[in-house]
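Observations on the three-dimensional arrangement
Residue strings, one per chain:
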Amino acid sequence: MSQTIASRLDQVIERIARAAARANRDPAAITLVAVTKTHPPEVIAEAIAAGIRDLGENRVQEAALKIPPFKAAYPEVRWHLIGHLQRNKARPAIELFDVIHSVDSLRLAETLNRHLQERAAGQAQARRMPILLQVNVSGESSKEGFDLPGGLANRAGLEALLPDIERIVALPCLEVRGLMTIAPIVADPDQARPVFRALREVRDELSRRFPRAAWAELSMGMTDDFEAAIAEGATIVRVGRAIFGERWKYG
Ligand SMILES: *Cc1c(COP(=O)(O)O)cnc(C)c1O
């Protein structure tokens, strides 16, 4: 039979450590989000037993079927929404998830903020929801995210985004922590490095322009390219297949 989740997890952690060392980075500064989309709850249980504390799902409906019992039993686990979020799923999303990586429009951000405000009504201190802004720097038309093909070199594209980002950063119930991207599928992972570098450069520019947000996080890198992403500064890698094998169909 195939290897266990625990042994594959060890190998991924080791590869993260080696990639960090090659880049002169502290491996502790890189969070591994284990992506359990399509896998059944037994796989999530095994991942938590193996020590994983950050788990990623890409669909609200599927997460609503799988996450709640684990939230109750393991309050220390952090749940990351990594897939596209429709505005009509914003309300359940804020109940299920601790971090949303896929905020890709001002309207979605405003909807999340409104639901968070409603939920906090009457409470002294509203919880701020950590979010990342998903940016499509590769120009692939299939990718979600704020469009900025070419990254910072695309000055007109950047200027066009700034007003929306300024408004998102000012929303009281959201806490912008950084950026997320998905690289194109390429033959050699090093070919994805310019995309990861472009995201880092955009992040650096946004942090200069909007210092009231933290901008520390760069969520980039998956099974096929997480080492290249770490070389370019990823602080969060989202890894599914390297830990859990090929995907199931669930829900
Ligand atoms: C599925 C998914 C991942 C994990 O992909 P793997 O190739 O299985 O590591 C990461 N990020 C997003 C946004 C995903 O949808």
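Report on the accompanying structure. All figures in this text were calculated on a predicted structure; none of them were measured in a lab.

We now examine the overall build of the protein chain. Within the protein chain one finds 10 helices and 9 strands. A globule of 251 residues ought to have a C-alpha radius of gyration of about 18 Å, and the protein chain, at 18 Å, matches this closely. In terms of overall dimensions, the protein chain has C-alpha extents of about 55 × 45 × 30 Å along its principal axes. In the protein chain, which comprises 251 residues, the share counted as buried stands at 50%. Pairs at least 24 apart in sequence give 64% of the contacts found in the protein chain among residues at least 6 apart. Counting only carbon and sulfur atoms, one obtains 50% of the accessible surface of the protein chain, whose full area is about 11,600 Å². In the protein chain, 34 positive and 32 negative side-chain charges are present, and the distance between their average locations comes to 3 Å.

Within this structure, the stated rule accounts for 1 aromatic pair. Measuring from ring centre to ring centre gives 6.4 Å for Phe70 and Trp79, while their planes differ by 40°; the resulting arrangement is tilted. For the pair shown, Phe70 and Trp79 are each scored as buried.

With that settled, consider helix α1 (residues 5-22). Between its first and last C-alpha atoms α1 spans 26 Å; for 18 residues at 1.5 Å apiece the expected length is 26 Å, and the two agree. Taken as a whole, α1 has its buried residues at Ile5, Arg8, Leu9, Val12, Ile16, Ala19 and Ala20. One side of α1 carries all its buried residues, which in axial view fall inside an arc of 115°. Facing away from the buried side of α1 by over 90 degrees, the exposed positions are Asp10, Ala21 and Arg22. Elements that come into contact with the buried residues of α1 comprise β1 (31-35), α2 (41-49), α9 (226-231), β9 (236-239) and α10 (241-244). Backbone geometry just after α1 places Asn24 at a positive phi near 55°.

In this section: the nonpolar core. Buried together is how nonpolar side chains tend to be arranged in soluble globular proteins. Ranked by internal contacts, the top residues of the largest apolar core, which has 77 residues, are Leu133 and Trp215. Beyond its immediate stretch of four places on either side in the chain, Leu133 contacts His101, Val103, Phe146, Ile165, Ile168, Val176, Gly178, Leu179, Met180 and Trp215.

Residues in contact with the ligand, as listed here, are Val35, Lys37, Ile82, Ile182, Met222, Thr223, Arg238, Val239, Gly240, Arg241 and Arg247. Note that a nitrogen atom of the ligand is positioned 2.8 Å from one of the side-chain N or O atoms of Arg238. In this structure, an oxygen atom belonging to the ligand sits 2.8 Å away from a main-chain N or O atom of Gly240. Across the complex, the protein chains shield 94% of the 390 Å² of accessible surface that the ligand would expose by itself.

Below, the discussion takes up the pairing of strand β7 (residues 174-180). Most of β7 sits inside the fold, with 5 of its 7 residues counted as buried. With 6 bridges connecting them, strand β5 (residues 129-136) and β7 associate as parallel partners. Its bridge partner being in β7, Leu133 is matched across the sheet by Leu179. As paired elements, β7 and strand β8 (residues 217-219) share 3 bridges and run parallel to each other. If you follow Leu179 over to β8, its bridge partner there is Leu218. The parallel pair β7 and β8, bridged by helix α8 (residues 193-209), forms a crossover whose chirality is right-handed.

Right, let's talk about α2 for a bit. When α2 is considered as a whole, its buried residues turn out to be Val43, Ile44, Ala47 and Ile48. Within α2, the buried residues cover an arc of 140° as seen down the axis, which keeps them to one side. Within α2, the exposed residues directed more than 90 degrees away from the buried face are Glu42 and Ala49. At its buried positions, α2 is contacted by α1, β2 (54-57), α3 (60-66), α4 (68-73), β3 (78-81) and α10. Directly after α2, the chain includes Gly51, whose backbone phi takes a positive value near 110°.

Helices that pack against each other are described as a pair by the angle of their axes relative to one another and the distance between those axes. As a packed pair, helix α7 (residues 155-169) and α8 sit with axes 12 Å apart at the nearest point and diverge in direction by 50°. The angle between α7 and α8 falls in the class oblique. In this structure, the crossing between α7 and α8 has a hand that is right-handed. Across the interface between the two elements, Arg155, Leu158, Glu159, Leu162 and Ile165 of α7 pack against Glu205, Leu206 and Arg209 of α8. Residues belonging to the contact of α7 with α8 are distributed by class as follows: 4 nonpolar, no polar and 4 charged.

Reading guide: rules and limits
Residues numbered from 1 in each chain as written. Predicted model: local features only at pLDDT ≥ 70, side-chain atom pairs only at ≥ 80, totals over all residues. Heavy atoms only, no water. Helix = DSSP H or I, 4+ residues; strand = E, 2+ residues; numbered from the N terminus. Rg over C-alpha atoms; globule rule 2.2 N^0.38 Å. Buried < 20%, exposed > 50% of the residue type's maximum accessible area, 1.4 Å probe, protein only. Contact = heavy atoms within 4.5 Å. Areas by Shrake-Rupley, 256 points an atom, 1.4 Å probe, with all protein chains shown as cover. Lys, Arg positive; Asp, Glu negative; His and termini not counted. Charge placed at Lys NZ, Arg CZ, Asp CG, Glu CD. Phe/Tyr/Trp six-rings, centres within 6.5 Å; stacked < 30°, edge-to-face > 60°. Expected span 1.5 Å × (residues − 1). Arc of directions from axis to C-beta. Core = buried A, V, L, I, M, F, W, Y, C linked by side-chain atoms within 4.5 Å. Near = heavy atom within 4 Å. Polar contact = N/O pair within 3.5 Å; in protein donor to acceptor, adjacent residues only side chain to side chain. Pairing = 2+ DSSP bridges. Right-handed = clockwise from strand over helix to strand, strands pointing away. Axes fitted to C-alpha atoms, helices over the stretch in contact; angles between N-to-C directions. Parallel < 35°, antiparallel > 145°, perpendicular 65-115°, else oblique. Left-handed = near helix turned anticlockwise from the far one by under 90°. Nonpolar A, V, L, I, M, F, W, Y, C, P; charged D, E, K, R; others polar.

None of the figures reported here should be taken as evidence of function without further support.
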